[in-house]
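Take a look at the letters that make up each chain.
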Amino acid sequence: MEYVGLYGGMVLGFLGWFLGRRAAGKKRGLDEVYHFIWNKARSISWYFTFAAIYVMLMLALSGVQLNIIFALAILLFIHMGSWAITGAIYSFKMTQNDAKQSSILVSLLIGVATIIIFSFVSAATGNWMFTVVSLPPVIMMTAITFVQSRKYNRP
């Protein structure tokens, strides 16, 4: 049953990638800006993956037993997720002129990514306080972003 998810996810991912590129090609969406955005996003996603590897190494050195499949799944999820989130942020920032919407989107995406990362650490360690402790800073960051965007973007 595990193979269905493993290979099914891979097939669906490649199918979505292929159909998305084909649809973008028909609408002339595969230009220099597209290639810049996704190359930059892929580059930045490696920094997130690098940080995740270091976190996993620190967990392993502190005595937490990590299953190899679980560890690789986390690394793959972090790499692909950070690539998608960074690509979405760059796409939005380079195609939209509204700084208010851009800052709110970036704040929300960073908050969601932070909560996901701390949830994985909580699952790996069995201590759910990591996720609970990550919530107040994310809520505070989002609130500050909303207040600042309202303050500086009044008509």
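Quick caveat, the model's predicted, so the values are computed rather than measured. (Residues numbered from 1 in each chain as written. Predicted model: local features only at pLDDT ≥ 70, side-chain atom pairs only at ≥ 80, totals over all residues. Heavy atoms only, no water.)

(A) Up close: the overall build of the chain. Helices and strands together make up the secondary structure of the chain, namely five helices and zero strands. For the chain, the α and β elements follow one another from N to C terminus as α-α-α-α-α. For the chain, the C-alpha atoms occupy an extent of roughly 55 × 40 × 25 Å along the three principal directions. Across the chain, contacts joining residues at least 24 apart in sequence account for 67% of those joining residues at least 6 apart. If you sum the accessible surface of the chain, you get close to 11,300 Å²; carbon and sulfur atoms cover 72% of it. The positive charge centre, built from 12 side chains, and the negative charge centre, built from 4, are 8 Å apart in the chain. (Helix = DSSP H or I, 4+ residues; strand = E, 2+ residues; numbered from the N terminus. Contact = heavy atoms within 4.5 Å. Areas by Shrake-Rupley, 256 points an atom, 1.4 Å probe, with all protein chains shown as cover. Lys, Arg positive; Asp, Glu negative; His and termini not counted. Charge placed at Lys NZ, Arg CZ, Asp CG, Glu CD.)

(B) Examining the environment of Phe14 more closely. For Phe14, the position within the fold is in helix H1 (residues 2-26). The spacing of Phe14 and Thr86 is 72 residues in sequence and 19 Å in space, taken between C-alpha atoms.

(C) Inspection of the packing of helix H2 (residues 32-61) against helix H3 (residues 68-95) at higher detail. As a packed pair, H2 and H3 sit with axes 7 Å apart at the nearest point and diverge in direction by 145°. Between H2 and H3 lies a crossing whose hand is right-handed. Split by residue class, the contact of H2 with H3 holds 20 nonpolar, seven polar and two charged. (Axes fitted to C-alpha atoms, helices over the stretch in contact; angles between N-to-C directions. Left-handed = near helix turned anticlockwise from the far one by under 90°. Nonpolar A, V, L, I, M, F, W, Y, C, P; charged D, E, K, R; others polar.)

(D) Spotlight on the packing of aromatic side chains. Counted by the stated rule, this structure contains three aromatic pairs. Ring centres of Tyr3 and Tyr7 lie 6.1 Å apart, and the angle between their planes is 15°; this geometry places the pair in the stacked category. Taken as a pair, Tyr3 and Tyr7 lie in helix H1 at a separation of four residues, close to a single helical turn. Its relative accessible area of 56% is what places Tyr3 among the exposed residues. Arranged with centres 5.2 Å apart and planes meeting at 65°, the rings of Phe77 and Phe120 form a pair that is edge-to-face. On the criterion of sequence distance, the pair formed by Phe77 in helix H3 and Phe120 in helix H4 (residues 99-125) is long-range, its members being 43 residues apart. (Phe/Tyr/Trp six-rings, centres within 6.5 Å; stacked < 30°, edge-to-face > 60°. Buried < 20%, exposed > 50% of the residue type's maximum accessible area, 1.4 Å probe, protein only.)

(E) Here's a closer look at the confidence of the model for the chain. Across the chain, the average pLDDT comes to 83, with 92% of residues at or above 70. Looking over the chain, one finds the lowest element-wise mean pLDDT in H4, namely 78, and the highest in H2, namely 91. (pLDDT = per-residue confidence, 0-100.)

(F) Representation of the environment of Val106. In this fold, Val106 is placed in helix H4. Excluding its chain neighbours within four sequence positions, the residues that come into contact with Val106 are Ile89 and Lys93.

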